[in-house]
Amino acid sequence: MASLEYFLKIMDKAHAGPICTGKEWGMRLFRTVSQKLEKYGLKKTFDPENPINSDDELADRFYQAGYELAIEMGTFCQDTDRIITLTAEDMDQALRSAPQELTLGRGRDLVILKARRPEDPHPPLAVSPMGHLISEDVYVKLHQGIAQHREIDLLRSGTVDTIFGRPPLAGTPYETAVGGYQAELTREALWRAGRPGMPNLAIASSPTAYGQLGGFGVAGISDPQLDMALILAPGELTTSFEVLHKVVHAINCGAMLTNGYSSMIGGYPGPPEGAAMTRIATILQQRAVHQADSHCGSIFDVRYLGNCGREGQWAEGMSAQAISRNTHLLGEEVQNELGGPCTEMLLHECAVAMITLSVSGASGALGPRTSGSKYVDHITPLECKFCAEVLKGAAGLTRRQGNEIVKKLIPTYENILRSPHIGKSFQECYDLKTLDPTPEWRDLYLKVKKELIELGVPLACP
Amino acid sequence: MEKKQLLEQLANAIVEGDGKKAVDTARAILEAGIDPLEAIQQGATKGLDEIGRRFQNCEAFLPELILSGDAMKACTDVIKPHIRSEQKDQMISGKVVIGSAFGDIHDIGKNIVATILGGSGFDIYDMGINVAVKQFVAKAEEVQANVIAMSSLLTSTSHYQRLLIEHLKDAGLRQKYYVVIGGAPVTPEWAVKIGADGYARTAAGATELLKKIIQGPPPPLTKTLVVNN
């Protein structure tokens with residue numbers, strides 16, 4: 001359980017650590033990552049022909065490099081322009097005290113998030129996507145549709161587009177109001193789906209701290225014993241007061257924390273190898289600075305703002321393997337698909353993303369981020385179910401087997417990642433009365449599922 | 001050193017992000033009597049194009065792009081005063097106020113765009129992250145900007161792009177500034193819907209967009225310009 005005393009020490013460091021500008025920080029990160037890549041012989045280890053790594057020794061070297069990076073860099077606080085420093089003792093203590101498993105939800109919907117290892121036959125938990133912009137009038141229906149698929153263990157909700165017709169402007173009292181509103185809508189969706197005890201990430205509509213303050217832990221609409229607090233960092237090894245407000249609010253509520261971040265291929269970490277190492281460091285930092293009970297991170301490729309290309313999957317898998325082999329940290333890893341509903345591109349991206357995480361030892365995986373979360377209502381329950389099926393079905397495959405499968409799937413979409421097929425909206429793909437997919441979307445789902453079975457993913461026959 | 005070699009050296013200095021070498025070469029170019037406009041167009045800009053190409057191919061990364069942008073700005077500061085007045089209309093320039101929307105603490109995309117635009121000859125006023133609409137407008141008024149560029153990484157902060165345009169209209173300032181928008185959740189459809197003057201999907205596209213906009217009719221444009229490459 002996160003501690004207030006520890007939090008206050010972090011706040012003290014945020015006000016007393018070495019001074020550094022944001023630009024200096026980015027350049028320093030780039031230089032330090034380059035040095036570590038050299039020191040640990042990690043340069044040019046990205047192998048485009050094999051998007052899933054199966055070299056344990058290489059994954060362990062990435063872990064050591066990421067661990068050193070986290071300690072050497074510390075964490076940059078955007079609001080004070082100071083560095084929150086960490087010692088190896090701080091880090092080791094934080095890692096030792098991290099939970100090995102989390103019991104989430106209650107009743108028939110209770111699940112346990114457990115640490116896994118690469119090629120672990122125990123299936124990871126399937127988490128529904130978060131952050132999609134969803135229209136107010138279909139918000140409950142869409143989440144009901146997702147939650148009614150029992151393959152999905154945790155609900156990570158979308159962002160509600162409006163509150164009684166008004167845009168929930170970030171950082172204003174509208175956002176405070178929408179925090180509570182979204183918690184209410186999500187709770188109703190779970191009740192309608194017959195899963196009132198399903199563990200839930202209550203407030204996704206909270207770009208600043210206000211949404212969370214307005215909804216999370218508020219009596220009658222959000223239960224901090226059931227819901228997890230979502231805390232998203234602004235970047236690699238970086239924090240801000242917005243983030244720290246959310247952390248202390250979760251501590252005040254006695255809630256579990258799940259902390260997210262992104263590591264950018266092409267950004268300050270540089271190449272895929274640098275992004276993998278920086279992601280490892282950032283996962284460790286989330287525990288040591290934000291007291292994360294679980295992490296929900298991702299890799300982004302800045303060239304197309306997704307991660308289902310070869311570089312993205314390689315970095316994603318490498319960091320998941322490094323963490324799962326060397327720590328017992330829990331994570332609900334995020335993947336970033338760009339295809340839209342009712343497209344083959346989306347299902348192929350989902351399959352690649354879920355197989356990579358499943359064989360790389362992720363304890364849970366969130367999926368998918370349909371359409372790059374870019375288009376309103378461009379997400380449906382069917383691809384969430386598909387992700388859960390593939391994620392769990394791939395558990396127990398070896399990394400080599402997974403690699404052979406993703407090698408066949410990636411070429412089907414990699415040339416259109418910069419101009420993805422955006423597909424159709426929820427309203428266009430579903431009967432909103434019965435919550436059934438259209439025949440077109442269902443047939444496509446069955447076709448790709450059959451294709452995966454033929455490629456060797458152990459799924460139930462459609 | 002010959003003209004061709006000097007221009008190549010300038011381009012290489014930009015690619016390497018070596019500000020001192022870029023400035024020294026710029027001075028050598030001026031001393032050699034080479035046309036300053038040609039130095040920018042055939043030397044420095046070629047270097048910036050090359051680093052942009054490498055960035056798109058994952059051969060160069062954001063920090064290198066920033067260093068190249070800084071080197072470009074340093075050398076153009078040396079060269080620009082020597083451009084003859086009759087040549088100045090061949091130089092694309094303009095003042096751009098740029099920042100991340102209120103409530104948005106993400107800045108990588110915005111930093112890439114600011115760097116490339118700065119390197120391409122625009123004067124950049126980077127307001128940073130979490131910038132209120134009224135701060136964008138106040139800065140634009142203060143520096144007499146041509147363009148206001150707002151980035152948003154979150155769907156819930158992209159509403160401020162619409163509010164910026166409404167604020168400019170209500171304050172009677174819409175005809176003074178081009179408004180361009182971008183960011184991960186921002187789409188061309190959104191740009192058209194809110195009446196933005198332009199949208200670009202990538203940083204390289206942002207430069208192309210601004211060059212087109214600056215040379216076009218005054219704001220507000222009747223049709224949103226979209227650069228989707």
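Scroll up to find the structure.
Along each chain, residue indices are assigned from 1 in the same order as the chain's sequence is written. For this description, chains carry letters from A and ligands carry numbers from 1, given in the order in which they are written. Per-residue local features are limited, in this predicted model, to residues with pLDDT of at least 70; the limit for side-chain atom pairs, both in listing and counting, is 80 or more; totals at the level of whole chains, interfaces and linings are taken over all residues. Side-chain numbers here rest on the full set of heavy atoms in the structure, without hydrogens or water.

*Asks:* So what about the overall build of chain B? Which residues, and what values?
*Replies:* In terms of regular secondary structure, chain B is built from 9 helices and 6 strands. Values of the radius of gyration come from C-alpha atoms, whereas the globule rule sets the reference at 2.2 Å times the count of residues to the power 0.38. The globule rule puts the C-alpha radius of gyration for 229 residues at 17 Å, and the 18 Å found for chain B is close to it. Counting only C-alpha atoms, chain B reaches 55 × 40 × 25 Å along its principal axes. Working definition: with a 1.4 Å probe on protein chains only, accessible area under 20% of the residue-type maximum means buried, over 50% means exposed, and in between means partly exposed. Taken across its 229 residues, chain B has 55% of its residues classed as buried. Summarising the internal contacts of chain B: among those between residues at least 6 apart in sequence, 71% fall at separations of at least 24. If you sum the accessible surface of chain B, you get close to 9,600 Å²; carbon and sulfur atoms cover 50% of it. A residue counts as positive if it is Lys or Arg and as negative if it is Asp or Glu; His and the chain ends are not included. Each charge is placed at NZ for Lys, CZ for Arg, CG for Asp and CD for Glu. Positive and negative side-chain charges of chain B, numbering 25 and 27 respectively, have mean locations separated by a distance of 4 Å. What counts as a helix is a DSSP run of H or I of at least four residues, what counts as a strand is a run of E of at least two, and both are numbered from the N terminus. In what follows, a contact means two residues having at least one pair of non-hydrogen atoms within 4.5 Å. For the area figures, the Shrake-Rupley method with a 1.4 Å probe applies, and any residue is considered shielded solely by the protein chains shown.

*Asks:* Account for the sheet that holds strand 5 (residues 125-127) of chain A, with residues named and values stated.
*Replies:* All names here are of chain A. Should DSSP find at least two bridges between two strands, the strands are regarded as paired. Strands sit in the order 5-17-16-14-12-10-9-7 across an open sheet of 8 strands; the sheet is parallel. Here the strands that pair on one side only, and so sit at the sheet edges, are strand 5 and strand 7 (155-156). Two elements, strand 10 (residues 227-232) and strand 12 (residues 257-260), share 4 bridges in a ladder whose sense is parallel. Among the inter-strand pairings, Ile-231 is bridged to a residue of strand 12, identified as Asn-259.

*Asks:* Residue-level account of unusual backbone geometry, with values.
*Replies:* Going from Gly-367 of chain A to Pro-368 of chain A, the amide bond is cis rather than trans, its omega being -10°. Examined against the element boundaries, Pro-368 of chain A turns out to sit in the loop between strand 17 (364-366) and helix 12 (381-393). Looking along the chain, the bond that leaves Pro-219 of chain B and enters Pro-220 of chain B is cis, with omega of -5°. Relative to the assigned elements, Pro-220 of chain B resides in the loop between helix 9 (203-215) and strand 6 (225-227).

*Asks:* How would you explain empty space enclosed by the protein if you had to name every residue and give the values?
*Replies:* Residue and element names in this part refer to chain A. We place a 1 Å grid over just the protein atoms. Points where a 1.4 Å probe fits but has no way out form a cavity, open points with protein on both sides within 12 Å along at least 5 of 7 lines form a pocket, and any residue with an atom within 4 Å of a point lines it. Grid points are joined across faces, edges and corners, and a volume is the space filled by probe spheres set on the points. All told, the structure shown has 4 cavities of 30 Å³ or more when counted by the stated rule. Reported here for the largest cavity is a volume of approximately 70 Å³. In this structure, the largest cavity is lined by 15 residues; those nearest its centre are Ile-323, Ser-324, Leu-329, Gly-361 and Ser-363. Listing elements by their share of the lining of the largest cavity, those giving two or more residues are helix 10 (310-326) and strand 16 (330-334).

*Asks:* Describe helix 2 (residues 19-31) of chain B, with residues and values.
*Replies:* Residue and element names in this part refer to chain B. A helix is expected to span 1.5 Å for every residue after the first. An ideal rise of 1.5 Å per residue puts 18 Å on 13 residues; helix 2 measures up with 18 Å between its terminal C-alpha atoms. Where helix 2 is concerned, the buried positions are Ala-22, Val-23, Thr-25, Ala-26 and Ile-29. Each buried residue of helix 2 sits inside an arc of 165° when the element is viewed along its axis, so together they form one side. More than 90 degrees from the buried face of helix 2, the exposed residues found are Lys-20 and Glu-31. The elements touched by buried residues of helix 2 are helix 1 (3-16), helix 3 (36-56) and helix 4 (62-79). Taking the backbone nitrogen of Lys-20 as reference, a side-chain oxygen 3.3 Å away marks Asp-18 as the first, capping residue of helix 2. Directly beyond the C-terminal end of helix 2, a positive phi value near 75° is found at Gly-33. Directions drawn from the helix axis to the C-beta atoms are what define this arc. In protein, a polar contact requires one atom able to donate a hydrogen and another able to accept it; more generally it is a pair of N or O atoms within 3.5 Å, and residues adjacent in sequence count only if both atoms are side-chain atoms.

*Asks:* Hey, could you go over the pattern of salt bridges for me, with residue numbers and the actual values?
*Replies:* Oppositely charged side chains can pair when the atoms bearing their charge come close. All names here are of chain A. Between Lys or Arg on one side and Asp or Glu on the other, a salt bridge is scored when a side-chain nitrogen of the former is within 4 Å of a carboxyl oxygen of the latter. A full pass over the atoms with the stated rule returns 43 salt bridges over all chains. Its salt-bridge partner being Lys-449, residue Glu-389 comes within 3.3 Å of it at the nearest N-O pair. Here Glu-389, found in helix 12, pairs with Lys-449, found in helix 15 (residues 439-455); they are 60 residues apart in sequence, far enough to count as distant. For the pair Glu-389 and Lys-449, one class covers both residues: buried. Salt bridges sharing partners connect three or more residues here, namely Asp-56, Asp-60, Glu-119, Arg-325 and Arg-399.

*Asks:* An account of the nonpolar core is requested, with residue identities and associated values reported.
*Replies:* Residues and elements named next belong to chain A. Residues belong to one nonpolar core when they are buried, are Ala, Val, Leu, Ile, Met, Phe, Trp, Tyr or Cys, and are joined through side-chain atoms within 4.5 Å. Counting 107 residues, the largest nonpolar core has Phe-62 and Leu-284 as the members making the most contacts within it. Filtering out sequence-adjacent residues up to four positions away, Leu-284 remains in contact with Tyr-63, Gly-66, Tyr-67, Ala-70, Met-91, Leu-95, Ile-323, Thr-327 and Leu-329. Residues Leu-185, Ala-320, Leu-357 and Ala-365 belong to the second largest nonpolar core, which totals 65 residues.

*Asks:* So what's going on with the environment of Gln-93 of chain A? Residues and values would help.
*Replies:* If you trace the backbone, Gln-93 of chain A turns up in helix 4 (residues 88-96). A C-alpha to C-alpha distance of 32 Å links Gln-93 of chain A and Phe-46 of chain A, two positions 47 residues apart in sequence.

*Asks:* So, the packing of helix 11 (residues 344-359) of chain A against helix 12 of chain A: which residues are in play, and what are the values?
*Replies:* Residues and elements named next belong to chain A. As a rule, the C-alpha atoms of each element are fitted with a line to give its axis, helices using only the stretch in contact, and angles between N-to-C directions run from 0 to 180 degrees. One can describe the packing of helix 11 onto helix 12 by two numbers: an axis separation of 8 Å at closest approach and a directional angle of 35°. Where helix 11 crosses over helix 12, the handedness of that crossing is right-handed. Judged by residue contacts, Leu-346, Leu-347, Cys-350, Ala-351, Met-354, Ile-355 and Ser-358 of helix 11 engage Glu-383, Phe-386, Cys-387, Val-390 and Leu-391 from helix 12. Of the residues in the contact of helix 11 with helix 12, the class split is 10 nonpolar, 1 polar and 1 charged. Handedness of a helix crossing follows the sense of rotation of the near helix relative to the far helix, less than a right angle counterclockwise being left-handed and clockwise being right-handed. Throughout, the ten residues Ala, Val, Leu, Ile, Met, Phe, Trp, Tyr, Cys and Pro are labelled nonpolar, Asp, Glu, Lys and Arg are labelled charged, and all others, Gly among them, are labelled polar.

*Asks:* Now, about the sheet that holds strand 6 of chain B: what can you tell me, with residues and values included?
*Replies:* Residue and element names in this part refer to chain B. Sheet architecture is open: 6 strands sit in the order 2-1-3-4-5-6, paired in parallel fashion. Two strands lie at the open edges of the sheet, namely strand 2 (123-126) and strand 6, each paired on one side alone. Strand after strand, the sheet turns through a mean of 20° between neighbouring axes, direction not considered.

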